[in-house]
Structure formats: C-alpha cells, structure tokens
Amino acid sequence: MKIEESSIVETNDYRVIIYPASRPFETKEAKAITEKLFDFLATWAAHGKPLASSFKIEKNQFIIICVDEEKEMASGCSIDALGKVMREIDEEYQLGLFDRMKASFVENGEVKTLKLLDFKTKIRNGELSKDIEVFDFSKNTYLDFLSHFILPLEKSWASSIK
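On a predicted model such as this, the values are computed, not experimentally measured, just so you know.

**Observations concerning the overall build of the protein**
And then number 1: Along the backbone of the protein there are four helices and nine strands.
And then number 2: Going residue by residue from the N terminus, the α and β elements of the protein occur as β-α-β-β-β-β-α-β-β-α-β-α-β.
And then number 3: The C-alpha atoms of the protein give 17 Å as radius of gyration, which agrees with the globular expectation for 162 residues (15 Å, within 12%).
And then number 4: Considering only C-alpha atoms, the protein reaches an extent of 55 × 35 × 25 Å along its principal axes.
And then number 5: A sequence separation of at least 24 residues applies to 62% of the contacts in the protein between residues at least 6 apart.

Here you go:
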C-alpha cells in the first residue's frame, strides 16, 4: 500500500530509511529507480499485511523510504525484502547506496559527496567553507528527517570534527 504524498502530514511520524547515493542520478536512472520502487512498495508487506509506505528522491541523490508503522510494523523479513530491492538498484547503477563511509554536503548550491576520511581532512585543513550544509543519513523518523536532514556545518554531526 502506498502513502500518497498529499497524506504525509507532519503530525504522522513515519519510520524513515535513507539510502544515500555517492553521486546524482542520471535522468534515466531516476526514472527506472522510481518505477522499480513504485512496483515494490505497491506489494510490500509484513507477514502478509500491506505496509503503508512511500518514497521520494531527495536532491536527485538520496532515496527516502517512509513507512507508517502506526498501521503495520515493518518486520525483519519486510526490511530484508526492501534491502534486496535496494541492493539490486545499487548493483545495477553502481550508486554506493550501502557505503556509509561518506559524507554529503551542499557547497555553493551544489550537492557534493566525499569519502568520510577526505571530508574530515578537508574540514580540519579549512578547505571547506564554514557555510556548507551537511546531510545526516541517521535520521529514522519523518519529523526528524524534515527538520534535521540537512543542517549548517556548525549545527551538524560534522561540527565535532577537530
């Protein structure tokens, strides 16, 4: 079952799963990924019960999956099934969706992604502006995603890099 975009109300705190790609999607890739996820989520279920879910592609680089667990909890098997679909997408397009050792940020209006070590080095060396905004892929609720997915450097997880 699909959560319609218009019914995502900020009072519903859906579970969120974020899959960050290492690069922006090409137009054909975004279309194919969208079709594959629409097909998958239309039949996604936990123990035979449909999951109210939806997704969006944020900044043409991050796949955000939402599940309304007030209606039905996603089970281990259903999360495994989602992981399988996401691995298929990742392998087909070489997106690095499961590589958590990277950092993404906005600099001069452009989304950039670096290996985490390179990002930390550039922060320490002052090679990145203090005006960048940093993405946080650890968000697991929709309200947290809405308010804290991207933050100014000084308010983000990266502010502790010394």
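**Observations concerning helix α3 (residues 116-124)**
And then number 1: Listed as buried for α3 are L116, F119 and I123. Down the axis of α3, the buried set is contained in an arc of 60 degrees. They therefore lie on one face.
And then number 2: Contacts made by the buried residues of α3 are with β6 (102-107), β7 (110-115) and β8 (133-135).
And then number 3: Where α3 terminates, the next one or two residues include G126, which has phi positive at roughly 75 degrees.

**Details of the pairing of strand β5 (residues 62-67)**
And then number 1: Taken across its six residues, β5 has six buried, putting it largely inside the fold.
And then number 2: Examined bridge by bridge, strand β1 (residues 15-20) and β5 share six bridges and lie antiparallel to one another. The residue bridging V16 from the neighbouring strand is C66, located in β5.
And then number 3: As judged from the six bridges shared by strand β4 (residues 53-58) and β5, these two strands associate in the antiparallel manner. Looking at the pairing, S54 lines up with C66 of β5.
And then number 4: Counting the residues between successive antiparallel strands, the hairpin from β4 to β5 contains three residues, one of them, K59, with a positive phi of roughly 55 degrees.

Quick notes on the rules
- Residues numbered from 1 in each chain as written.
- Predicted model: local features only at pLDDT ≥ 70, side-chain atom pairs only at ≥ 80, totals over all residues.
- Heavy atoms only, no water.
- Helix = DSSP H or I, 4+ residues; strand = E, 2+ residues; numbered from the N terminus.
- Rg over C-alpha atoms; globule rule 2.2 N^0.38 Å.
- Contact = heavy atoms within 4.5 Å.
- Buried < 20%, exposed > 50% of the residue type's maximum accessible area, 1.4 Å probe, protein only.
- Arc of directions from axis to C-beta.
- Pairing = 2+ DSSP bridges.

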